[in-house]
Amino acid sequence: MPQSPDHISHSDHFDHSDHSDPAHRIGPTDSTDSTDSTDSTDSTEPTTPTTPTTPTEPTAPAEPRYFPEPRGACPFAPAPAYERAREEEPVSRVPLRDGSRPWMVTRHADVRTVLTDRRFGADARRAGFPFPFAARAFVLQGEPPFVRMDGEEHAAQRRMVTRHFTARRTEELRPRIQEITDRVLDELVAAGPDADLVRDFALPVPSLVICHLLGVPYAQHAFFQERSRALVDHTATPEQTAEGWRELVEYLERLAQDKLREPDDSIVSDLVNKEWLEPAKAAAMARVLLVGGHETSANMAALAVLALLRHPDQLALLQERPELLPGAVGELLRYVTVVGDPGLPRVAVEDATVGGQPIRAGEGVLCMLPVANRDPEVFPAGATLDVTADARGHLAFGAGPHQCLGRPLAQLELEIMIGSLFRRLPGLRLAVPFEDLRYRERALIHGPLELPVRW
Ligand code: HEM
């Protein structure tokens, strides 16, 4: 998806995609290329890139190749080169386009350590903080979102919205999320007998849920949804994306002004009336929540549905025993891990040792959630999907002070979305060959661009 500098500057967690050429990518060493591998467990790909040439054709100079490597042919598994790194060199340096070489951390225990240990920080303004995609200058325009702050500055901003995301508050939302899901499914079925499940289901449900939480009046849902959909439209130009963001932030600021006049129990109302934020600051905070909670849940829902369609035995089990669904959501989150292909970025603020490797203060670290979530030390059958497995301890939501604020909400959305979809359309199937599906490349959040289905 094309991204504007503006987009990146405000949403680095969430600094979704690369501006650079997707052809340039690399694994932990400069000599691996696994773009043509076939499966997460496949380790047969060549160790040197091979470019077919003829004796008469001059060979183009080798392009430099940068981290991160894309996933291989299996869209649920991390790049095979990084799975190998977990076994062979679990803390290794990777080259970024800006010339830096942060540490890539791949084992479950080591990733947990980095995310929970105060000797590693998430403040993007610190020297050495790694930027796998965006140029540092873009990300550091203005104040970073609180996911890229540390200590009391981070905690104070997180506290402003925490009460809207507790497990209890989330459970109270169950009937509303069910109602939204049913309505979206009604429209999808009415327009059938086929659909793009990303556009017609996975994106609108989380977007409408956030609308509700932020306090967007029902009459303005269509405007809001149209704008938030434009932000994840992979065919949009960077200018269109930037324009979409501008309109949305202006809208959120007007919404904050309305809530000053007419308070309610929404997040935006609380930010201006209880936290005393200026409308512009409240709009910026609302934007962080929108970015954090929209694309993540949408891509996760789409990839989870695809994973179940590819594992009909697991889907059948869930259809027979719906009580397995809450646990299955955890296993699906682990198995496909949509956030973190380029690693969650951190910087060492003190010298530390991770997995036996000394890391000096000021060195960048990238925590590879998808790789850690298949670590056989913790998940013995890590490369298989088993909806009855105990996936507790998975790192799909990160860990430590920045662990996903929306975790209970995301889990509930997924439970309701997946359950309702397969109850309503038990014969759902892909409308195109699995091999023809295309995925987001070099994006912080992984997922299919489209998911054509019929029923
Ligand atoms: C399946 C869906 C989701 C996944 C996989 C996911 C994943 C993550 C991850 C990995 C982080 C940690 C980032 C870091 O440490 O650098 C995070 C943070 C965050 N997420 Fe989510 N997320 C999801 C849904 C949501 C939802 C629904 C919301 C709510 C609106 C949300 C809001 C946030 C916020 C605000 C943070 C920053 C927390 C902080 O820094 O204190 N996320 N998410």
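Below: a short report on this structure. Bear in mind that the values here come from a model prediction, so they are computed numbers and not experimental data.

**Thoughts on the overall build of the protein chain**
When helices and strands are counted, the protein chain shows 17 helices and ten strands. Buried residues in the protein chain amount to 56% of all 455 residues. Within the protein chain, residue pairs in contact and separated by at least 24 positions form 74% of the contacts whose partners lie at least 6 positions apart. For the protein chain, the exposed surface amounts to about 19,000 Å²; the carbon and sulfur share of it is 52%.

**What about the coordination of the iron atom of the ligand?**
Of all protein atoms, just one serves as a donor to the iron atom of the ligand, and that atom is Cys404 (SG), at 2.3 Å. Along the polypeptide, Cys404 turns up in the loop between helix H16 (369-372) and helix H17 (407-424).

**Focus: the sheet that holds strand S5 (residues 344-348)**
What holds strands together in a sheet is hydrogen bonding between their backbones, with the strands either parallel or antiparallel. Here five strands make up an open sheet; going across it, the order is S1-S2-S8-S5-S3 and the pairing mixed. Every other strand in the sheet has two partners, leaving strand S1 (91-93) and strand S3 (120-121) as the edge strands with one partner each. Two elements, strand S2 (residues 103-105) and strand S8 (residues 364-367), share three bridges in a ladder whose sense is parallel. Its bridge partner lying in S8, Met104 is registered against Leu366.

**Details of the packing of aromatic side chains**
Following the criterion strictly, the structure yields six aromatic pairs and no others. Looking at Arg287, its charged tip hangs above the ring of Trp245, at a distance of 3.8 Å from the centre. Against the face of Phe434 rests Arg310, its NZ or CZ located 3.6 Å from the ring centre.

**A look at the environment of Leu115**
Tracing the backbone shows Leu115 in helix H3 (residues 108-116). For Leu115 and Leu344, which are 229 residues apart along the polypeptide, the C-alpha to C-alpha distance reads 8.7 Å. Among residues more than four places away in sequence, those in contact with Leu115 are Leu344, Arg346, Cys367, Leu369, Gly398, Ala399, Gly400 and Pro401.

**Quick word on the site of the ligand**
Taken together, 30 residues form the shell around the ligand, and within it His154, Arg158, Arg346, His402 and Cys404 come nearest. Interatomic distance of 2.6 Å between a side-chain N/O atom of His154 and an oxygen atom of the ligand. One of the side-chain nitrogen or oxygen atoms of His402 is found 2.6 Å away from an oxygen atom of the ligand. Elements with a contribution of two residues or more to the shell around the ligand: helix H5 (151-162), helix H13 (279-310), S5 and H17.

**Details of the pattern of salt bridges**
Per the counting criterion, the structure on display carries 27 salt bridges. Across the salt bridge formed by Glu172 and Arg169, the nearest N and O atoms sit 3.5 Å from each other. Highlighted residues: Glu172 and Arg169, both in helix H6 (residues 167-172), separated by three residues, approximately one helical turn. Note on Arg169: relative accessible area 21%, which makes it partly exposed. Across the pair Asp390 and Arg392 runs a salt bridge, and its minimum N-O distance is 2.9 Å. Pair check on accessibility: Asp390 and Arg392 agree, each one exposed. Bridged by salt links that share partners, the residues Arg163, Asp270, Lys274 and Glu275 form one connected network.

What counts and how
Residues numbered from 1 in each chain as written. Predicted model: local features only at pLDDT ≥ 70, side-chain atom pairs only at ≥ 80, totals over all residues. Heavy atoms only, no water. Helix = DSSP H or I, 4+ residues; strand = E, 2+ residues; numbered from the N terminus. Buried < 20%, exposed > 50% of the residue type's maximum accessible area, 1.4 Å probe, protein only. Contact = heavy atoms within 4.5 Å. Areas by Shrake-Rupley, 256 points an atom, 1.4 Å probe, with all protein chains shown as cover. Donors = N, O, S within 2.8 Å, 3.2 Å for Na, K, Ca; no water. Pairing = 2+ DSSP bridges. Phe/Tyr/Trp six-rings, centres within 6.5 Å; stacked < 30°, edge-to-face > 60°. Lys NZ or Arg CZ within 6 Å of the ring centre and 35° of its normal. Near = heavy atom within 4 Å. Polar contact = N/O pair within 3.5 Å; in protein donor to acceptor, adjacent residues only side chain to side chain. Salt bridge = Lys/Arg side-chain N within 4 Å of Asp/Glu carboxyl O.

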